[in-house]
Amino acid sequence: MGAGPAAAGAAQDTSFAHLLNPNRKWFNNRRIIILNAWIVLLLITSSTNGYDGSMMNGLQSLQQWQNDFNHPSKGRLGLLNAIQNIGALAGYPFAPYLSDGIGRRKTVFFGATIMLVATALQTASQSVGMFIGARFLIGFGLTFAANAAPMLVTELAYPEYRSPLTSLYNALWYSGAIIAAWATYGTFRINSTWAWRLPSLLQGIPAVLQFSLVLFCPESPRWLVSRGRDTEALRTLAYYHADGDEQDPLVQHEFQEIKTAIEFDRSVAANVGWKSLIATRGNLKRMRIIVALAFFSQWSGNGLISYYLNEVFTQIGITGSSTQLLINGVLQVWNLFWAVLAAFMVNRLGRRFLFLASAALMTLFYTAQAICFAEYSEHGVAASGHAVVAFVFLFFAAYDIAFTPLIVSYTVEILPFPLRAKGFNVFNFVISVALIFNQYVNPIALAALGWKYYLVYVCWLAIEFVFLWVFLVETKNRTLEETAAIFDGEDALEKIAHGGTVRETPDVYEKADEKA
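Computed from a predicted structure; not experimentally measured. All residue numbers here refer to positions counted from 1 along the written sequence of the relevant chain. Two thresholds apply to this predicted model, a pLDDT of at least 70 for residue-level local features and 80 or more for giving and counting side-chain atom pairs, whereas whole-chain, interface and lining totals are computed over all residues. As a convention, hydrogens and water are excluded, and side-chain values are obtained from all of the structure's heavy atoms.

Caption draft 1: Seen up close, the overall build of the chain. Think of it this way: any DSSP run of H or I at least four residues long counts as a helix, any run of E at least two long counts as a strand, and we number them from the N terminus. The secondary structure content of the chain amounts to 26 helices and 0 strands. Burial here depends on accessible area, computed with a 1.4 Å probe over protein chains only, as a share of the maximum for the residue type. Under 20% is buried, over 50% is exposed, and the range in between is partly exposed. Residues classed as buried in the chain amount to 61% of the 516 residues present. By definition, residues are in contact when any of their heavy atoms lie within 4.5 Å. Of the contacts formed within the chain by residues at least 6 apart in sequence, a portion of 82% connects residues at least 24 apart. Residue-level accessible areas treat just the shown protein chains as cover; the underlying method is Shrake-Rupley with a 1.4 Å probe. A total of about 18,900 Å² of accessible surface is found on the chain, and carbon and sulfur atoms cover 65% of it.

Caption draft 2: Expanded view of helix α8 (residues 128-156). Between the first and last residue of a helix there are one fewer steps than residues, each counted as 1.5 Å, and that sum is the expected span. The terminal C-alpha atoms of α8 lie 42 Å apart, and with 29 residues this matches the ideal 42 Å at 1.5 Å per residue to within 8%. Here the bend at a residue is taken as the angle between two axes, fitted respectively to the seven residues that end there and the seven that start there. At L142, α8 shows its largest bend, some 25°. Most of α8 sits out of view: 24 of its 29 residues are buried.

Caption draft 3: Here's a closer look at the packing of α8 against helix α9 (residues 162-171). Closest axis-to-axis distance for the α8/α9 pair is 8 Å, and the angle between their directions is 160°. As far as their axial angle goes, α9 and α8 are roughly antiparallel. In terms of crossing hand, the pair formed by α8 and α9 is right-handed. Contacts between α8 and α9 involve A146, A149, P150, V153 and T154 from the first element and R162, L165, T166 and Y169 from the second. Within the contact of α8 with α9, the residues separate by chemical class into 6 nonpolar, 2 polar and 1 charged. Helix axes use the C-alpha atoms of the stretch in contact, all axes being lines fitted to C-alpha atoms, and the angles between their N-to-C directions lie in the range 0 to 180 degrees. Orientation categories follow fixed angle ranges, with anything under 35 degrees roughly parallel, anything over 145 roughly antiparallel, 65 to 115 roughly perpendicular, and all other angles oblique. Should the near helix be turned counterclockwise from the far one by less than a right angle, the crossing is left-handed, whereas a clockwise turn marks it as right-handed. Residue classes follow a fixed rule: Ala, Val, Leu, Ile, Met, Phe, Trp, Tyr, Cys and Pro count as nonpolar, while Asp, Glu, Lys and Arg count as charged, and any other residue, Gly among them, counts as polar.

Caption draft 4: The nonpolar core, seen in detail. Note on terminology: a nonpolar core comprises buried Ala, Val, Leu, Ile, Met, Phe, Trp, Tyr and Cys residues joined through side-chain atoms within 4.5 Å. Counting residues in hydrophobic clusters, the biggest one holds 111 residues, and the most contacted among them are F355, Y366, F403 and L468. In this structure F355 touches L293, A402, F403, L406, I407, L468 and L472, once residues within four positions along its chain are discounted. In terms of nonpolar packing, the next biggest core, distinct from the first, is built from 19 residues, Y51, L59, L77 and L325 among them.

Caption draft 5: Helix α12 (residues 205-213), seen in detail. Of all the residues in α12, the buried ones are P206, A207 and Q210. Buried residues of α12 fall within an arc of 95° about the axis and therefore sit on the same side. The elements touched by buried residues of α12 are α2 (30-43), α3 (45-59), α7 (104-123) and α11 (194-202). What the arc covers is the set of directions going from the helix axis to the C-beta atoms.

Caption draft 6: Representation of a nonpolar patch on the surface within the structure. Each patch is built from salt-bridge-free residues with over 30% relative accessible area, joining like charges within 9 Å and nonpolar side chains (Val, Leu, Ile, Met, Phe, Trp, Tyr) within 5 Å. Salt bridges are identified by distance alone: a Lys or Arg side-chain nitrogen within 4 Å of an Asp or Glu carboxyl oxygen. A cluster of nonpolar residues, W182, L326, V330 and V333, forms a patch on the protein surface that exposes about 300 Å² of accessible area. Per-element tally for the nonpolar patch: the top contributor is helix α18 (residues 321-349), with 3 residues. Tracing the chain through its elements places L326 in helix α18. Exposure remark for L326: the relative accessible area of 35% places this residue in the partly exposed category.

Caption draft 7: A look at the packing of aromatic side chains. For Phe, Tyr and Trp, rings pair up if their centres lie within 6.5 Å, where Trp contributes its six-membered ring, and each pair is then called stacked (planes under 30 degrees apart), edge-to-face (over 60) or tilted (otherwise). Counted by the stated rule, this structure contains 38 aromatic pairs. Measuring from ring centre to ring centre gives 6.2 Å for F355 and Y410, while their planes differ by 80°; the resulting arrangement is edge-to-face. Note that F355 is positioned in helix α19 (residues 351-379) and Y410 in helix α21 (residues 406-414), a separation of 55 residues in sequence. Relative to F403, the ring of Y399 lies with its centre 5.8 Å away and its plane at 25°, an arrangement referred to as stacked. Geometrically, a charge over a ring is one whose NZ (Lys) or CZ (Arg) sits within 6 Å of the ring centre while staying within 35 degrees of the ring normal. A cation over a ring is seen here: R31 above Y239, with NZ or CZ 3.9 Å from the ring centre. Here R352 stacks its cationic end above the ring of W469, 5.4 Å away from the centre of that ring.

Caption draft 8: A look at the side chain of N302. With respect to the helices, strands and loops of the structure, N302 is situated in helix α17 (residues 302-315). Given the relative accessible area of 4%, N302 is considered buried. Engagement of the side chain of N302 in a polar contact is seen with the backbone oxygen of S297, the distance being 2.8 Å. N or O atoms closer than or at 3.5 Å make up a polar contact, with two conditions inside protein: a donor-capable atom paired with an acceptor-capable one, and, for residues adjacent in sequence, both atoms drawn from side chains. Here S300 takes part through its backbone nitrogen, which lies 3.3 Å from a polar atom of the side chain of N302.

What follows is the structure in structure tokens.
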């Protein structure tokens, strides 16, 4: 984790900064270290999703997979890619009810169990139908784990590190992508079906870890309070945030604010049920941003490269399987670097700055890709084809500073607890719909339009920038409860922020140091 958490701590949340023990850090406090280890177990849920996209890219470059599945193209290829998201759609009606009903931990366990079975079926596939069915089940199980895991991360994390750790969730999509890219690169020389079965088998590693360990993980204090289990919630906060001291000022501040926020939301009839997501002005503002971010995350031109990189490379003259797989592997490492760096800079730079910088740079670099692609297609200039590869890397660096780390963390932090599971479920649903459309349309449009298809995304990226400039709200320097209340007006924000008596406590640790 290097210098990341230190950077995160450089811009502490001002509402509780005076309550933080300066001697309690991520690297020297045993219980925060243990808590962060549990959080890592939850973060790897995203790795499964990243693994899938990169694996399917790699499998398309494997001759053994192409032969076994009769060289799928266009509609069939689109279905093979899209079926995981179709499986995810089937799980969306149920995921938030499990997360809110049986708890975050058990929902992650349920999803991991389904994914384990599905991975075994995918590895053992004897036909296209069996492979498609297994991938459907992977998407179905992933829906449950991916709904609960990031919420549990943001609801458990030590306040000083909540934003970077939650931002790491989606950033670690690339950890799975890296493993898949290099796994397919390493197996393409195997002259048997294990060239594609082995990468399929490795997809189950995160599910194995979660199946074995997640039930030992602490439950969300917010969920416990919502279920009337206040004593357990206080004990959990104290154990991991204050070495077991239930009277610690930070713990008391968190506990009182959680109780106040949940009681406030219960008193507002508009925050009950699915209709509540659009029942108030504040909730409409939330959902407008959440739906847009979900759609933008898949329709910024990244889907064309993430799932059909080999098709793009073929059209710019890079046809060797080894070269395609190598570039894919290096690209995933590059992506992980920028996404993790941005995750640890989120408190320092702010969400709005990162999103706007990302949209502006993506528009620039995608325009450059389109120009170079056109030069190669129209005039056969080899240098232009190579320039496309360079601009692909620059485009993804721009994408990764916001749309990889922030879309999940921003979504869960702006939703109040009663709406968090349902609102986050809508976010994931929109992503799946956008992905399914993307995965069907992209190979067909690319084959028909070639470089001209890039112009569609250039125009769309410009629209994204305008939307983000007008509607995106900055949320840094607030607690989780206060962040969610920003959209409900000053009265709600004041009620949450001053709901506990600890809020006005002077800097107790600073006072203690002065006396010493």
